[in-house]
Amino acid sequence: QGQLVESGGGLVQAGGSLRLSCAASGRTFARYTKGWFRQAPGKEREFVAAITWSGGTTYYADSVKGRFTISRDNAKNTVYLQMTSLKPEDTAVYYCAADAPPYFSAGIYNPTEYEHWGQGTQVTVSS
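Throughout what follows, the structure given in this document is the object of discussion.

1. Some remarks on the side chain of Thr78
Working step 1: Here Thr78 shows up in strand β8 (residues 78-83).
Working step 2: There is a polar contact of 2.8 Å between the side chain of Thr78 and the backbone oxygen of Lys76.
Working step 3: The contacts of Thr78, once residues within four sequence positions are left out, are Ser21, Cys22, Ala23, Arg72 and Asp73.

Structure follows, in structure tokens:
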């Protein structure tokens, strides 16, 4: 089982920055692929970014590439999402997720492939 808890969301003006954190408890999820997804009201949950267990490979949605950076600190059982140059269209609830090994690149963008989810943290970007 285990638990994932997001933090760091809030209200920020366009062009600003936020750093989201996702802390794990109950188990380390050390060898799990970890990802960030987001969902706006009335829209489907969409992929944002992901990182392999070693941190050696990262993936980003085209809409956030060059603006967001995902990283992880396995010693702290925490994954981060550094968001810069935020836009109003980034407004959504952001969810942290973990995908059990083995790792398959074909499934990393699909929320259905992730077994563990946090409760989400709200990010609101004003113009």
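There's more to say after this.
2. A look at the pairing of strand β11 (residues 121-126)
Working step 1: Of the two faces of β11, only one is covered, namely that formed by Thr121, Val123 and Val125; the face formed by Gln122, Thr124 and Ser126 stays uncovered.
Working step 2: Pairing analysis gives 4 bridges linking strand β2 (residues 10-13) to β11, with the strands arranged parallel. Of the residues in β11, the one forming a bridge with Gln13 is Ser126.

3. With respect to the environment of Ser54
Working step 1: By secondary structure assignment, the location of Ser54 is in the loop between β5 (46-51) and β6 (58-60).
Working step 2: For the pair formed by Ser54 and Tyr109, sequence separation is 55 residues and the distance between their alpha carbons is 18 Å.
Working step 3: Polar contacts involving the side chain of Ser54 include one to the main-chain amide nitrogen of Gly56, which spans 3.3 Å.

4. Here's the deal with the sheet that holds strand β3 (residues 18-25)
Working step 1: Taking strand neighbours across the sheet as the criterion, the 4 strands line up as β1-β3-β8-β7 in an open arrangement whose pairing is antiparallel. Two strands bound the open sheet, and with one partner strand each, they are β1 (3-7) and β7 (68-73). Taking the axes of each pair of neighbouring strands and ignoring which way they run, one obtains an average angle of 15° across the sheet.
Working step 2: Direction of pairing for β1 relative to β3: antiparallel, over a ladder of 5 bridges. Looking across to β3, one finds that Gln3 is bridged to Ser25.

5. Here's the deal with the side chain of Thr33
Working step 1: With respect to the helices, strands and loops of the structure, Thr33 is situated in strand β4 (residues 33-39).
Working step 2: Thr33 sits in the buried class, given a relative accessible area of 5%.
Working step 3: Not counting residues up to four positions away in its chain, the partners in contact with Thr33 are Ile51, Thr52, Arg72, Ala97, Ala98, Asp99, Tyr103, Ile108 and Tyr114.

6. Notes on unusual backbone geometry
Outside of glycine, negative phi angles account for most residues, and trans bonds account for most peptide bonds.
Working step 1: Residue Pro102 is bonded to the preceding Pro101 through a cis peptide linkage, with omega at 5°.
Working step 2: If you trace the backbone, Pro102 turns up in the loop between β9 (92-99) and β10 (116-117).
Working step 3: In the Ramachandran plot, Asn77 falls in the positive-phi region, its phi being about 55° despite a non-glycine side chain.
Working step 4: Unlike most non-glycine residues, Ser85 shows phi in positive territory, near 50°.
Working step 5: Inspection of the secondary structure assignment puts Ser85 in the loop between β8 and β9.

7. So, the pattern of salt bridges
Once the charged atoms of two side chains with opposite charge are near each other, the side chains can pair.
Working step 1: Across all of its chains, the model carries 4 salt bridges by this definition.
Working step 2: Between Glu46 and Arg38 there is a salt bridge, with the nearest N and O atoms lying 2.7 Å from each other.
Working step 3: With its nearest N and O atoms 3.0 Å apart, the salt bridge here joins Asp90 to Arg38. Taken together, the residues span a long stretch of sequence, with Asp90 in the loop between β8 and β9 and Arg38 in strand β4 at a distance of 52 residues.
Working step 4: Each of Arg38, Glu46, Arg67 and Asp90 takes part in a single network of salt bridges with overlapping partners.

Reading guide: rules and limits
Residues numbered from 1 in each chain as written. Predicted model: local features only at pLDDT ≥ 70, side-chain atom pairs only at ≥ 80, totals over all residues. Heavy atoms only, no water. Helix = DSSP H or I, 4+ residues; strand = E, 2+ residues; numbered from the N terminus. Polar contact = N/O pair within 3.5 Å; in protein donor to acceptor, adjacent residues only side chain to side chain. Contact = heavy atoms within 4.5 Å. Buried < 20%, exposed > 50% of the residue type's maximum accessible area, 1.4 Å probe, protein only. Pairing = 2+ DSSP bridges. Axes fitted to C-alpha atoms, helices over the stretch in contact; angles between N-to-C directions. Salt bridge = Lys/Arg side-chain N within 4 Å of Asp/Glu carboxyl O.

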